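Chain residues, written in single-letter form:
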Amino acid sequence: MLTVHAYDVIVIGSGPAGLAAAVSAKKNGVNSVLVIDRDVEPGGILLQCVHSGFGLETFGEDLPGPSYAQRYILEAESQKINLLMDTMVLDITSDFVVTVSNETIGVQRLQAKAIVLAMGCRERSRAQIRIPGTRPAGVYTAGTAQRWVNVEGLMPGKNFVILGSGDIGMIMARRLSLEGARVNRVVEIMPYLNGLSRNYVQCLQDYDIPLFLNHTINKILGKKRVEAVEVVRVDQNRKVQPETAEIIPCDTLLLSVGLIPENELTRKIGVSMDPITGGAIVDNCFETSIPGIFVAGNVVHVYDLVDYVSQDGTTAGKYAASFIQCNWNSNRRKIPVIVEEPLRYVVPQKICPDTLRESAIRLLMRVSYPMEYPVQVSLFTDQKEILNKTYPYVRPGEMVSIQIPKSAYDLIMASQEVRLKVLRKE
Amino acid sequence: MDSYDVVIIGAGVVGCLTARFLSRYQLRILVIEKESDVGAGTSSANSALIHAGYDPLPGTLKAALNVRGNEMWDQLADELDFDFERCGDYVAAIGEDEFQQLQILKRQGEQNGVPGLKILSVDEIRKRIPNINPEVSGALFAPTAGICDTFAVTIAAAENAQMNGVMFRFDTCFESFLVEKHRIVGIRTDRGDIRCQWVINAAGLYADEVMHQAGSHPEFMIHPRRGEYCVFDPACFQIDTVLFPVPSEKGKGVLFFKTTHGNTIVGPTSEFVDCKEDKAVSVTGLRYLEEQMQRLIPGADLRWTIASFSGLRASGNAICTNSDVDYSGDFLIESDKTVKGLIHCAGIESPGLSASPAIAERICLLLEQSGFEMIEKPYWNPRRKRRPCFRHLTNEERNELIAQDPRYGRIVCRCEMVTEGEIAAEIHAPIPARTYDAIKRRTWCGTGRCQGGFDMIRVVEILTRELNLSSEKISKNGPGSEFIFSETKNQRSGQC
Ligand SMILES: Cc1cc2nc3c(=O)[nH]c(=O)nc-3n(C[C@H](O)[C@H](O)[C@H](O)COP(=O)(O)OP(=O)(O)OC[C@H]3O[C@@H](n4cnc5c(N)ncnc54)[C@H](O)[C@@H]3O)c2cc1C
Ligand SMILES: Cc1cc2nc3c(=O)[nH]c(=O)nc-3n(C[C@H](O)[C@H](O)[C@H](O)COP(=O)(O)OP(=O)(O)OC[C@H]3O[C@@H](n4cnc5c(N)ncnc54)[C@H](O)[C@@H]3O)c2cc1C
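Keep in mind that what you see is a predicted model, and the values were worked out from it rather than measured.

**Student:** Teacher, can you tell me more about the site of ligand 2 here?
**Tutor:** Residue and element names in this part refer to chain B. Around ligand 2, 39 residues are found, and the nearest of them are Glu33, Ser43, Leu49, Ile348 and Ser354. The backbone of Val13 places a nitrogen or oxygen atom 3.2 Å from an oxygen atom of ligand 2. Here Glu33 contributes a side-chain N or O atom positioned 2.6 Å from an oxygen atom of ligand 2. Protein contact buries 97% of the 1000 Å² of open area that ligand 2 shows by itself. At the level of secondary structure, the elements contributing two or more residues to the shell around ligand 2 comprise α1 (13–22), β13 (222–232), β18 (305–316) and α8 (352–369). In the shell around ligand 2, the residues fall into 19 nonpolar, 15 polar and 5 charged.

This is the structure:
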């Protein structure tokens, strides 16, 4: 028989978002908090990110991923948060029943009063970008290779080509070089870098690994194992120029071609989704269209810095606590946040003006294409610019952020929408 | 030297079903296969349709064996316990011109002995398939057509044969025949000689080369004809049937079909290639699919793809043995005319899967007719049971299973909900799954939206543990396709 266990808040995912949400819910007075993760150890993707570069904002220290995670794990433990590891969440209903499966308790149903979804994201695969050619061993996502190398201690190749200039790919280029493997090149179809500029400098330039912009892989060759890839140039419309084809021998092709928020469960519950971010539509409390279902971290949109993930997780946890403590009005007024080209999206998509009384609201955005000159990001309420921030440049690989201060409370309360624009700074 | 009564070359659907049908007799049987698993060739990369039989030209072996084979599937699926659904199929005429062809097809089918063929009106077909091209002018419906789990058919047949005493040898490639006085006495493989009285050539794409080793039919050639497919994400698009365009000289055309697994697939293309191993997916192929699929379902979009693959048809040039029929592309199934003790099945392209039980039946008959002594076993078990599949169980059943073996509680592939228990069971099954692809074909692990992104590492780990091998030995599909090259520096120096 299936028994039902009850918790106040159930958090799905033990990455930085989930841990921060759990700790924050507890600190805000929630009695029982359970974190569930399918992995054996808590920490999420950070466990395989052994490079440093985490926590500069939060701790003012440059930490490797596992150390950053460890701080939250220790805090979760000291807060007596229950961790249910090596456990897959199979299903969640809109009345907060979570069905899980693992080796020791089998398939069980858990009842919550509020839920925080923090399942992170997964990588786009070969099929999604439809690379033609054979289907040999040796085509892996960069994250799979990262886990093999950093967690399992196994080398999945000797001679690599990397498709896509995402951060994981660039970080792996350096890691593999340090392991004595050869990284032939990184190939990127767009005319600009997809990941952070600092990773380009530290992971590619410093190791003499060439980056080929405006290039893609047109074909994979090899019967049993990858033997080579065909690299071609593309024109401005991303059309392949066959006459530029070059065969590059290699035994492994790594794909770093984008991350997709892991939202199978979210969709099944019936939460409204944003087709651009691939995550739920949220307000600044990180509540979804279903009251009591909150989201945090990469499951909402792909972040580039973990510090923001933790901060937003903290916010989600805090409001999940308010939700079950009944000092919560699910019908509170929300106004839309609207972005204009070249901004591609903004999170949150809606804000609750009255929360400005307690704290400032941060808006995170991405642009569709790079602008390599000083720009001004401006926030308007009903035609009037109320604040702006200058950036020396904006790039799709680097998030743009702007904060609405508490002092804007009256202005925001009085308006029907908030609008964001990016303009060249004169 | 090993000695057998019958050696079957090739563990595709034809070889495995033949082994299974022959396993009811008191014979020592061996199946050899050059790949590391059963069904690694064409039998795993096709449309998985059990054709009704209206398509082949009347009078051909293809027509006769298709229709006979089709009748055999209910019993086969029941005994071997694999997914099979007689869902019927449709041939849709787009525009008035094509409507005529439905009548021709129907008449041809009736001549072949296909029961229940029916021409449906525009309204009827629109009702049954709402998103069909609005220019549809009618459709042919064949209620006896079906779909099956093509991986499971071959595996189930091989397992049942194994349970009844048939031996299997993988990673073993046929090279030549050992002949004495015009009679087969054995074969030479890359792993040594094997003595036997009879050889059955079920080598798929290579059946011509095997045949030529015996000196027969030098004029017979197999030209690989590639068919490419795209599998759609069920969240983006699903069709609950099998939908063909009207056939042309190029074959049955690009169709949409559902699989027993619930996915929808579009394909195949049709293109002759030079190499019998060229299972690449091409830019031109994808473009062709994109174009052709609009004819049946306007708006269908290749961006819905979660996987693409291709299979090679073993297209031969065998002249139909029925002299009234002018056709040179028939199945070639016969006892060898020059040496004794050899039976060929060659040119087994579509409808080869549909016909496969009838082909196996015919091979038994050819053996009997040659005077070979075939005595039935007193205890032959025609049944094989599938192992539990977590995905299809109720939560109560799942918990019973987990109570027996906790590994059924540990989910390895989240998209397809495959557990460690299922994977371990396949590794220790009668025909053991020893590679990643072998596990994929048996459990559907890694076939979902994330395409192995999460499970691959865990499956490699489970294979390493269960087979008691080092990680460097675990492969995608046999020697040469290993995943891992070595340990990392830290691991090697023991620091980690
Ligand atoms: C390779 C890489 C390098 C990075 N480098 C840096 C860097 O240098 N500096 C920096 O600041 N940031 C970096 N980041 C970004 C930052 O690490 C991530 O944004 C952050 O870890 C995301 O946290 P999360 O909690 O949202 O997701 P995750 O850490 O991915 O956690 C999600 C968790 O949910 C679990 N889960 C998912 N589905 C289920 C289910 N159905 N049942 C149970 N559990 C489930 C997963 O197993 C996982 O443990 C990097 C990210 C990556 C991927
Ligand atoms: C694109 C496509 C679509 C199709 N659709 C359908 C359909 O919908 N319905 C239908 O009925 N049919 C269909 N078919 C046809 C069907 O798939 C084949 O007829 C059937 O799978 C043939 O089985 P087989 O056992 O003869 O060949 P295979 O499955 O190719 O098996 C032959 C085996 O022999 C092995 N072998 C070869 N040489 C040697 C050697 N020297 N030593 C040892 N082993 C060797 C190979 O490795 C292989 O495993 C389709 C085929 C294709 C390509």
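Next comes the rest of the write-up.
**Student:** Looking at this structure, how should I read the packing of helix α5 (residues 142–152) of chain A against helix α12 (residues 455–466) of chain B?
**Tutor:** Helix-helix packing is described using two parameters, namely the angle between the two axes and the distance between the axes. Contact geometry of α5 of chain A with α12 of chain B gives a least axis separation of 9 Å together with a crossing angle of 45 degrees. Relative to α12 of chain B, α5 of chain A is oriented oblique. Contact residues: Thr144, Arg147, Trp148 and Glu152 of chain A in α5 of chain A; Met456, Ile457, Val460 and Glu461 of chain B in α12 of chain B. Across the contact of α5 of chain A with α12 of chain B, the residue classes break down as 4 nonpolar, 1 polar and 3 charged.

**Student:** What is the right way to read the pattern of salt bridges from this model?
**Tutor:** Side chains that differ in sign of charge can pair as their charged atoms come close. In total, this model carries 66 salt bridges over all chains according to the counting rule given. We note a salt bridge from Glu35 of chain B to Lys34 of chain B, for which the minimum N-O separation is 3.0 Å. For the salt bridge of Glu426 of chain B with Arg387 of chain B, the shortest nitrogen-to-oxygen distance reads 2.9 Å. Of the two residues, Glu426 of chain B is situated in helix α10 (residues 420–427) and Arg387 of chain B in the loop between α8 and α9 (395–404); the sequence distance between them amounts to 39 residues. Each of Asp86 of chain A together with Asp405, Arg407, Arg410, Glu420, Arg465 and Glu466 of chain B takes part in one network of salt bridges that share partners.

**Student:** Mind showing me how you'd approach the sheet that holds strand β4 (residues 84–85) of chain B here?
**Tutor:** One key point about sheets: their strands pair by backbone hydrogen bonds, in either a parallel or an antiparallel sense. All names here are of chain B. Within the open sheet, the 3 strands sit side by side as β3-β8-β4. Their pairing is antiparallel. Whereas interior strands pair on both sides, the edge strands pair on one side only; in this sheet they are β3 (49–50) and β4. The sheet contact formed by β3 and strand β8 (residues 146–148) spans 2 bridges and is antiparallel. Within β8, the position partnered with Ile50 by the bridge is Gly146.

**Student:** Help me out: how do you make sense of α10 of chain B in this one?
**Tutor:** What sets the pattern is the α-helix's 3.6 residues per turn: residues three or four places apart point alike. For α10 of chain B, the buried fraction is high: 7 of the 8 residues fall into the buried class. Looking at α10 of chain B, one finds that the buried residues are Glu420, Gly421, Glu422, Ile423, Ala424, Glu426 and Ile427 of chain B.

**Student:** Can you walk me through the state of the cysteines in this structure?
**Tutor:** Disulfide: a covalent bond connecting the sulfur atoms of a pair of cysteines. Counted according to the given criterion, the structure contains 0 disulfides over all chains. With no disulfide of its own, Cys203 of chain A lies closest to Cys49 of chain A among cysteine sulfurs, the gap being 12 Å. Cys345 of chain B carries a free sulfur, and the closest cysteine sulfur to it, the one in Cys364 of chain B, is 11 Å from it. By relative accessible area, which is 2% here, Cys345 of chain B ends up buried.

**Student:** What should I look at first to understand the interface of chain A and chain B in this one?
**Tutor:** How big an interface is tends to be reported as the loss of accessible area on association of its parts. Across the boundary between the two partners, chain A contributes 47 residues, which contact 54 residues of chain B. Interface area, chain A with chain B, both sides summed: about 4400 Å², of which 57% is carbon and sulfur. If you sort the residues of chain A by the area they bury against chain B, Glu103, Arg130 and Lys224 of chain A come out on top, with a joint share of 16%. The interface formed by chain A and chain B holds 4 salt bridges in total. Residues Glu277 of chain B and Lys223 of chain A are paired through a salt bridge, measuring 3.7 Å at the closest nitrogen-oxygen approach.

The rules behind the values
- Residues numbered from 1 in each chain as written.
- Chains lettered and ligands numbered in written order.
- Predicted model: local features only at pLDDT ≥ 70, side-chain atom pairs only at ≥ 80, totals over all residues.
- Heavy atoms only, no water.
- Near = heavy atom within 4 Å.
- Polar contact = N/O pair within 3.5 Å; in protein donor to acceptor, adjacent residues only side chain to side chain.
- Areas by Shrake-Rupley, 256 points an atom, 1.4 Å probe, with all protein chains shown as cover.
- Helix = DSSP H or I, 4+ residues; strand = E, 2+ residues; numbered from the N terminus.
- Nonpolar A, V, L, I, M, F, W, Y, C, P; charged D, E, K, R; others polar.
- Axes fitted to C-alpha atoms, helices over the stretch in contact; angles between N-to-C directions.
- Parallel < 35°, antiparallel > 145°, perpendicular 65-115°, else oblique.
- Contact = heavy atoms within 4.5 Å.
- Salt bridge = Lys/Arg side-chain N within 4 Å of Asp/Glu carboxyl O.
- Pairing = 2+ DSSP bridges.
- Buried < 20%, exposed > 50% of the residue type's maximum accessible area, 1.4 Å probe, protein only.
- Disulfide = S-S within 2.5 Å.
- Buried area = accessible area lost by both parts, 1.4 Å probe.

Purely geometric stuff here, so don't read any function into it on its own.
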